[in-house]
Amino acid sequence: MLQCVFLLSDSGEVMVEKQMTAHRVDRAICGWFWEYVLAHAAGDPSKVLQVVVSPTHYLFRVYRSGVTFLACTQVEMPPLMAIEFLSRVADVLTDYLGDINEDTIKDNFVIVYQILDEMMDNGFPLTTEPNILKELVAQPNMVSKMLNVMTGKSSTIGSKLPDATASFVPWRTTIVKDASNEVYVNIVEELDACVNREGVLVKCEACGEIEVNSSLPGLPELTLSFANPTIINDVRFHPCVRFRPWESNQILSFVPPDGQFKLMSYRVKKLKTTPIYVKPQLSSDSGNCRVHVMVGIRNDPGKPIDSIIVQFQLPPLIASADLTANHGTVDILADQTCVWTIGHIPKDKAPSLSGNLRLEEGLAHLHAFPIFQVKFRIMGAALSGLQIDKLDVKNTPSAPYKGFRAQTQAGRYEVRS
Amino acid sequence: VAAQSLEVKKLVYLYLLHYAETRQNEALLSINIFQKDLSDINPLVRAWALRTMAGIRLHVVAPLVLVAVKKCARDPSPYVRKCAAYALCKLYDLLPEENTTLEEIVDVLLGDSSFGVVGAAAVAFKSVCPNCLALIAKHFQRLCETLPDIEEWYQITLIEILLRYVIAKHGLVKDSVMFASGLSLETQAGRDSVPVSNISSTQAETIVKGGSGTMPNIMLFRHYIEEYSGAFDRDEDKFSFPSVTSSTNDDVVILLKCTSPLLWSQNSAVILAAASVHWIMAPAEEVKRIVGPILFTLRSSPDATYVMLGNILVFAKTAPLLFSSYFEDFFICASDPYQTRALKLEILTTIATESSIPAILEEFQDYIKDPNRRFVADTVAAIALCALKLPSITSSCLEGLLALVLYELSITNSVHLNEEDAVLVQAILSIKEIVKIDAASHEKVIIRLVRCLDTIMEPAARSLIIWIFGEYSSTGNLIPKIAPVVLKYLAWSFAAEVLETKLQILNASVKVCIISPNFSFLTLKWRLLIGLFFQVIIHSAEDQLEEFKRTVAYVIQLAACDMNYDVRDRARFLSGLLPCCANENDSSCRSQNVDVIKELADHIFGGKIPPPSNSDSNYRIYLPGSLSQVVLHAAPGYAPLPKPQSMILIHKTVEPTRGVADSSEGTNSDAESGSSRDESGSVYDSESEAGSDSNDEGHNLHRQKENQEAPLIHMYDGNVDQAYAGRAVDENLASLISTDLTELMSKSALESWLDEAPAAPLVPVQTSCARVSFTTRSFERKPKLHRLLDPSDSGGLSVLYAFSSEVSVKSRLLVCVDLFVENVTTEQLADITIKSEEASGSKSGMDQTSEGSASIPTLVPVEEIQSLAPEQRAKMLLQVHFHHHLLPLKLSVFCNGKRHPAKLHPDIAYFVRPLPMDLNAFLCKENQLRGMFEYARRCTFKDHLQKHEQTEESTDDNTDKNLLVAQTLASKVLSNANVHLVSMDMPVTFSIDDASGLCWRFSSEILSTSNPCLITIVADGHTSEPLDLTVKVNSEDTAFGLNLLNRIVAIIE
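So, how was this worked out
- Residues numbered from 1 in each chain as written.
- Chains lettered and ligands numbered in written order.
- Predicted model: local features only at pLDDT ≥ 70, side-chain atom pairs only at ≥ 80, totals over all residues.
- Heavy atoms only, no water.
- Helix = DSSP H or I, 4+ residues; strand = E, 2+ residues; numbered from the N terminus.
- Buried < 20%, exposed > 50% of the residue type's maximum accessible area, 1.4 Å probe, protein only.
- Contact = heavy atoms within 4.5 Å.
- Areas by Shrake-Rupley, 256 points an atom, 1.4 Å probe, with all protein chains shown as cover.
- Expected span 1.5 Å × (residues − 1).
- Pairing = 2+ DSSP bridges.
- Axes fitted to C-alpha atoms, helices over the stretch in contact; angles between N-to-C directions.
- Phe/Tyr/Trp six-rings, centres within 6.5 Å; stacked < 30°, edge-to-face > 60°.
- Core = buried A, V, L, I, M, F, W, Y, C linked by side-chain atoms within 4.5 Å.
- Salt bridge = Lys/Arg side-chain N within 4 Å of Asp/Glu carboxyl O.

Undergrad: Looking at this structure, how should I read the overall build of chain B?
TA: Counting secondary structure elements, chain B contains 45 helices and 18 strands. The buried share among the 1053 residues of chain B stands at 58%. Long-range contacts, defined as pairs at least 24 residues apart, comprise 69% of the intrachain contacts of chain B with a sequence gap of at least 6. Accessible surface, chain B as shown: approximately 42600 Å² in total, 54% of it carbon and sulfur.

Undergrad: Help me understand helix α44 (residues 961-976) of chain B in this model?
TA: Given 3.6 residues per turn, any residue in an α-helix points the same way as the ones three and four places further on. Compared with an ideal rise of 1.5 Å per residue, which puts 16 residues at 22 Å, α44(B) spans 23 Å between its outermost C-alpha atoms and is within 8% of the ideal. Counted residue by residue, α44(B) has 15 buried out of 16 residues, so it is predominantly covered.

Undergrad: Which parts of the structure should I look at to understand the sheet that holds strand β5 (residues 67-73) of chain A?
TA: Hydrogen bonds between backbone atoms are what pair the strands of a sheet, whose relative direction is either parallel or antiparallel. Residue and element names in this part refer to chain A. Pairing is antiparallel across the open sheet formed by 5 strands, whose spatial order is β2-β1-β5-β4-β3. Where the open sheet ends on each side, the last strands, each with one partner, are β2 (14-19) and β3 (51-53). Here the strands of the sheet are splayed against their neighbours by 20 degrees on average, with no regard to which way each runs. Sheet topology note: the strand β1 (residues 4-8)/β5 ladder contains 5 bridges and is antiparallel. Note that in β5 the partner of L8 across the bridge is T68.

Undergrad: I would appreciate a short explanation of the environment of B:F941 in the present structure.
TA: All names here are of chain B. Position of F941 relative to the elements: it lies in strand β14 (residues 934-941). Judged by its relative accessible area of 0%, F941 is buried. With 78 residues separating them along the chain, F941 and A1019 place their C-alpha atoms 8.9 Å apart.

Undergrad: I tried to follow the packing of aromatic side chains on my own but got confused; where do I start?
TA: We describe a pair of aromatic rings using the distance from one ring centre to the other and the angle between the two ring planes. All names here are of chain B. What the rule picks out here adds up to 20 aromatic pairs over all chains. Seen in terms of ring centroids, Y13 and F34 are 5.4 Å apart; in terms of plane orientation they differ by 35 degrees. Their pairing is tilted. Residue Y13 is located in helix α1 (residues 6-19), and its partner F34 is located in helix α3 (residues 31-37); the two are separated by 21 residues in the primary sequence. The same class applies to Y13 as to F34, namely buried. Arranged with centres 6.0 Å apart and planes meeting at 50 degrees, the rings of F364 and Y367 form a pair that is tilted. With F364 and Y367 both in helix α23 (residues 357-367), this residue pair falls 3 residues apart, about one helical turn.

Undergrad: Looking at this structure, how should I read the nonpolar core?
TA: Soluble globular proteins: nonpolar side chains tend toward being buried together. Counting 289 residues, the largest nonpolar core has A:L7 and B:F323 as its most contacted members. With sequence-adjacent residues up to four places away left out, B:F323 is seen in contact with B:V291, B:I294, B:L295, B:I312, B:F315, B:A316, B:F330 and B:I351. If you look at the next biggest cluster of nonpolar residues, it comprises 66 residues, including B:L789, B:V912, B:V973 and B:I1048.

Undergrad: Help me out: how do you make sense of the side chain of B:D37 in this one?
TA: All names here are of chain B. As for its position among the elements, D37 is in helix α3. By relative accessible area, D37 is classed as buried at 3%. Ignoring sequence-local partners within four residues, the contact set of D37 consists of K9, Y13, V45, R46 and A49.

Undergrad: Explain the pattern of salt bridges here, please?
TA: As a working rule, side chains carrying opposite charge can pair if their charged atoms are close by. Tallying each qualifying case throughout the model produces 33 salt bridges over all chains. B:E160 is the partner of B:K126 in a salt bridge, and the nearest nitrogen-oxygen pair spans 3.4 Å. Of this pair, B:K126 sits in helix α8 (residues 115-128) while B:E160 sits in helix α11 (residues 152-170), and the two are 34 residues apart along the sequence. The class of B:E160 is partly exposed, set by a relative accessible area of 24%. Salt bridges here are not isolated pairs; linked through shared partners, they connect A:K18, A:D117, A:E118, A:D121, B:R51 and B:K90.

Undergrad: Honestly, the side chain of A:S54 in this entry has me stumped. Any pointers?
TA: Residue and element names in this part refer to chain A. Mapping S54 onto the fold places it in the loop between β3 and β4 (58-64). Judged by its relative accessible area of 5%, S54 falls in the buried class. Beyond its immediate stretch of four places on either side in the chain, S54 contacts I29, W32 and L59.

Spelled out as structure tokens, the structure:
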């Protein structure tokens, strides 16, 4: 049971404090936490452990774009529950406020406080379904702001208990008004790969998500089937997915929530190739290290590969770095990260980065080698090869418009040198 | 609150919730409106009103809330019913005595038709009555079926409840991993007490034992289930197997079936909860279905990674084969933080098998070039572990490590980095570990290492290599040949070495001598050699040997003149050892001494290094998915699984026995789970009915002292082998005698007690905990003296004061203070008296604040001291009434007619008086004061460390360190607070050093209100280190309780 939730800013300032139970938690715990962060992670709260034991409380933390969500408890509880809850709070707030940062949270303090109040009662999650929350606590938008100013009264609180609280499909508002009668299915995949120092592909797998944006009237019944479901290794589903049809026929049958949501995530393991190759070569002697990185297309997916970025951390003990590329731009950031932005791979030449690293005095050879992280994006193709067979929609007054898209981007794509 | 606007209403509710405790009056004013709102037509308003009303937590309101909850539990709106379930948890904190009513409501809500309400009811169940598993029985099937449909948060709670229910009802599943882990041990121990001739159970066993016994003696269920946790560590003891059920039991099947789809949940907490049900209950061959989902969470919910890996580590250690084919998932990404990397490395080494090791090693080779040097060092250590585990790769690992050493050398010598050395040292350490197994076959490696000595600068690395050289100087064919040369080299460089290395050189050189093949011959000559003050007279047949001896002599001589006394000491010791009685030329005693010395030296240097103590044995495992598993200690409120098949007992056990059983149970956790009560309740039942059942039953040794009230030691609880119990008792007795406790007893009583003791405990008794009860008299009280009046300000009158534990005869509100008046001048002081400044002043104000006590003066008038001669001292007893305030009391000390102002600082620890009670009463009382009446804090205790030093000097080996600690703390508390020591519980653990579980209980009552105030202190840790203490105060007066808690902690620290 969580006793208190704090939202901390980038500098450790307490922005929101919501006591959940009668056993009040003193704010001083945040001060303690921040000292801990400074001591163990040089002020970066995303680097400390998710579960921290303080002298008085157990702390759980989730970090999202500059805001630390901190929860305290003194008694035994599933730690993952706390962490998942905090992530859910972060997601809901992102949904409400567009994006979360110090300013938006401070500007919408009342709303944040109300949301926290609705989401948790007596230290246990109460209402976490985004669409119910949206009826309980209205979203801030221009119109409501205007109204507030004009009429002098605000109405961020829903006056009526949402029907969905009683429904068997709590994620869906029973009456969806002004639905445009369309549904979009979007496959977003991330390619994780690991190439070792010999250039061998150690691991290559695709982690995908199926995002659905539904805008359907009534209580529609959707059925989604894949052409090749057997390639999927692991799955996780949105609560709306019924387990039984998947168990028996590998079919997704569900009543969708309104709007955008993540229907399922999956993983396809043991892929054979990657779309592009990155070949780094580092050789060092007598205080100099020559760097040469080549990038090219290995396995054309049929669609254009864009937004290619190769970045790596300069090894320690480098006195100076002089790196140039024949295509794209090379930047060295303050934290010693070298970012090589390539974009498209041109037809006529293979992009390459070359240059020289000057090692510090007295050091002849490089001993710690950087790991190159690769980013790219391919629109219109799912590299795992997963294909949607068909999407059936039942229970709607008229046949809706259905749209499908696919996209692949690099996830944890690492090339060691 | 009466506002019509919903928004205003809501915000006022929020305001009330936040400030109710500080502004009770406002909160009380709004109660009427809540009552009205509870019958509002808008369900949202009803729900808000209920939530707020239950949330303001005023005792006055609690009965009203109870009525409201009862009403709302039947509300037409499911949302309101859900809020009613939440209100139950809040109400339970306020009105724990109403639990039967609350349980009824929980029961009603569990039977609700709406999923949301059932889930919330599960939450209420968990906080109101987590042990009334019988309540679940009639709902069980339906609860299982609704499991996939309810909200994710409730799933987590409900899964846990259902798991506990099934275990309590049916016991463990016979062919589950958990059971098999116990079984494999049982068979190893050469017993088959349980004839399990089930094929599947042997399968399970193979899964568990597959990884060549990484953690063979972890008996999971001993960790998970409370009943057996006490017996942990003692493998041989007779162990009755928990009642088992087959995997075809209907309830088990349905639970497993309904939890398996939850493995696909989007919530990682649900996945882990479902996985742990399978882990504990599922037949071994089905457990593997949890592997995929929990590994997928590592990628798909990054925030959960750390917690998940911690749990996977435990799974993997118990059943490495489960994960062995998924090793790729544990490969390390650049973005992983250090802790994640460390966990992944550990898992990788655990699950490595012959088939996967080439890939894993290749990965490790990549990691070695990582910029994070600490991680590199960890990797090097992991390589050694793998090599030890899988002999086939030993040689290639060694080659690789050697190459790494050479490579690191080239770097460290050129540039010096902080963490750089760590890698090098770790690499050599790893080599040492590997070589240890079979030194002879790796002698070339050793030689190559020794050759590196020339270039290695790092002292830690140097001394490691020298150690290896010394240790294995006689093994193989080549090393002995090069030994003298190396020694010579070492001798040559000796003067330049750092301390650590010097010591190692000394050791190594002596080792070389001792282990040398013609040892006896050598020592003989050595003796003469030294005897003639290192002048070489006798020429050995072998030139080499001669040279050899000279080198050693040179080293020792050098060392004897070293700057560092440690080196000098070591050198003297060694030289004494080697040439033995050098000055004695008497040949008769020579031969004798040679033998003795040889044996001695062999013992010191040639002795086998004891295998590193298995750290796993101290490694506690908690239920998967629990907070305790992540933080690796039992968090408050952690409850292990109930005893298998204990459900039936619950029905048998009649209510009244609980109280008795309760008090006899030595559990120290504040959330003492009911199952333990029930359990011991049953024990008592059977004892009274059937006499003794040697295995499961507690055995009380009530040894009454002749003259006195309480028994001194209770021994109880099961599962320790007999011999141990005897020893433990003896130890305790010895320690009792050796300490000042003896004065407690008349000599004859002690003797009769002693006579009796050895006989009594050696009946089939098993002990895991001893309770020592003392009367408070046995402790010296050293009250702290405070200065009331400084002689320099008062014309030479020094007044010190100390709070006394006496109870005032005049009124119970008065605190007694001892005043020590001393005349430090050379003249006579006369007419010393003390008056309160306030006594005359604000009498009326005082009346207001505490009407009942108005008749009692702030300061009982004290008789004045007529005169005080120089250097004379006098003692006065002051009886003060502090009005329950912590403000200092202003006093005037009159002396020689002059007035000196003084301040008397009250001590909250003396606002209480001892409340004598026995343990039963204490535990009953404590049970009533749960929840918000309970405050706990942690602190550390160091005082006993000094005491240890003292006792060690006095070389009293018999002193039980635990007892010492217990006494130190008790006397410290007693001398600083006016409390009564109810009991001291001492764990009788395998390691004498382990003080975990040591528990003190003090009772007292508040002077002004006569409310009882209970203090419990539980220790954790080792007696040789600062102890972690958890101090807990239970008191109805919460503000006072909190203050007292802080004071106690201050006293202890």
